[in-house]
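Single-letter residue listing:
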Amino acid sequence: MPLTPRAWPLFMLLPALTGCAIGAYISPMTAWERAVAGTYEGVGVGGTGRVPYRLVLNVQQRGGQVSGVLTNLESQKAYALSGTFERPTGGSAGDEVRLDGNLYESGDKHRGTLRGTLGPKAFKGTLRTVLLGKELLGYELELTKVTGQEGDK
């Protein structure tokens with residue numbers, strides 16, 4: 001039975017609707033993004049002693065971007081993190097990357113830099129806080145991953 005001209009739009013709509021249903025099950029995050037993103041906790045050791053920190057981290061592999069929130073658990077001050085990372089070409093999910101980010105308070109006040117090595121289980125690096133427009137205080141941070149992204153099983 002041949003298709004009538006009126007039936008063509010309905011016939012062409014079927015593959016489009018089927019494609020939408022299949023696309024709904026594709027994860028928006030890569031396996032590496034899921035492995036690295038999450039919450040890290042630990043301590044920073046510097047000029048004022050040992051300070052506990054929490055880093056909630058998101059990464060975007062395609063753009064090489066990192067964002068998140070670094071919280072000083074002693075003072076309860078939180079800083080927005082925005083930066084970049086470099087991942088080895090052809091690396092696996094277990095590879096570490098070099099993270100380079102800036103910390104902001106109240107959206108636009110530059111308060112420090114965070115640089116170091118990020119892997120699926122830990123972040124090790126340096127936090128440099130800005131006072132009077134200069135990076136004055138430095139802390140060596142060692143943070144361990146405590147939780148992953150939502151949907152991680």
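All values reported here derive from a predicted model rather than from experimental measurement.

1. Here we look at the overall build of the protein chain
For the protein chain, the helix and strand inventory stands at two helices and eight strands. Moving toward the C terminus, one meets the helices and strands of the protein chain in the order α-α-β-β-β-β-β-β-β-β. Looking at the protein chain as a whole, 29% of its 153 residues are labelled buried. By element, 57% of the accessible surface of the protein chain is carried by carbon and sulfur atoms, the whole surface being about 9,800 Å².

2. Focus on unusual backbone geometry
The residue Gln76 is not glycine, and still its phi comes out positive at about 65°. For Gln76, the position within the fold is in the loop between strand E3 (65-72) and strand E4 (77-86). A relative accessible area of 57% means that Gln76 is categorised as exposed.

3. Some thoughts on the pattern of salt bridges
Scanning the model with the defined rule gives three salt bridges in all. A salt bridge links Arg54 to Glu41; the shortest N-O distance between them is 2.6 Å. Placement of the pair is Arg54 in strand E2 (residues 49-60) and Glu41 in strand E1 (residues 38-46), with a sequence separation of 13 residues. Classification of Arg54 by relative accessible area gives partly exposed; the value is 30%. A salt bridge links Glu105 to Arg111, with the nearest nitrogen and oxygen atoms 2.7 Å apart.

4. A short note on the environment of Asn102
The residue Asn102 is located in strand E5 (residues 97-105) in this model. Exposure remark for Asn102: the relative accessible area of 28% places this residue in the partly exposed category. A C-alpha to C-alpha distance of 9.3 Å links Asn102 and Tyr79, two positions 23 residues apart in sequence. Sequence-distant contacts of Asn102, that is, excluding residues within four places in its chain, are made with Ala80, Leu81, Ser82, His110, Gly112 and Thr113. One polar contact links Asn102 to His110, side chain to side chain, over a distance of 3.5 Å.

Rules used in this analysis
- Residues numbered from 1 in each chain as written.
- Predicted model: local features only at pLDDT ≥ 70, side-chain atom pairs only at ≥ 80, totals over all residues.
- Heavy atoms only, no water.
- Helix = DSSP H or I, 4+ residues; strand = E, 2+ residues; numbered from the N terminus.
- Buried < 20%, exposed > 50% of the residue type's maximum accessible area, 1.4 Å probe, protein only.
- Areas by Shrake-Rupley, 256 points an atom, 1.4 Å probe, with all protein chains shown as cover.
- Salt bridge = Lys/Arg side-chain N within 4 Å of Asp/Glu carboxyl O.
- Contact = heavy atoms within 4.5 Å.
- Polar contact = N/O pair within 3.5 Å; in protein donor to acceptor, adjacent residues only side chain to side chain.

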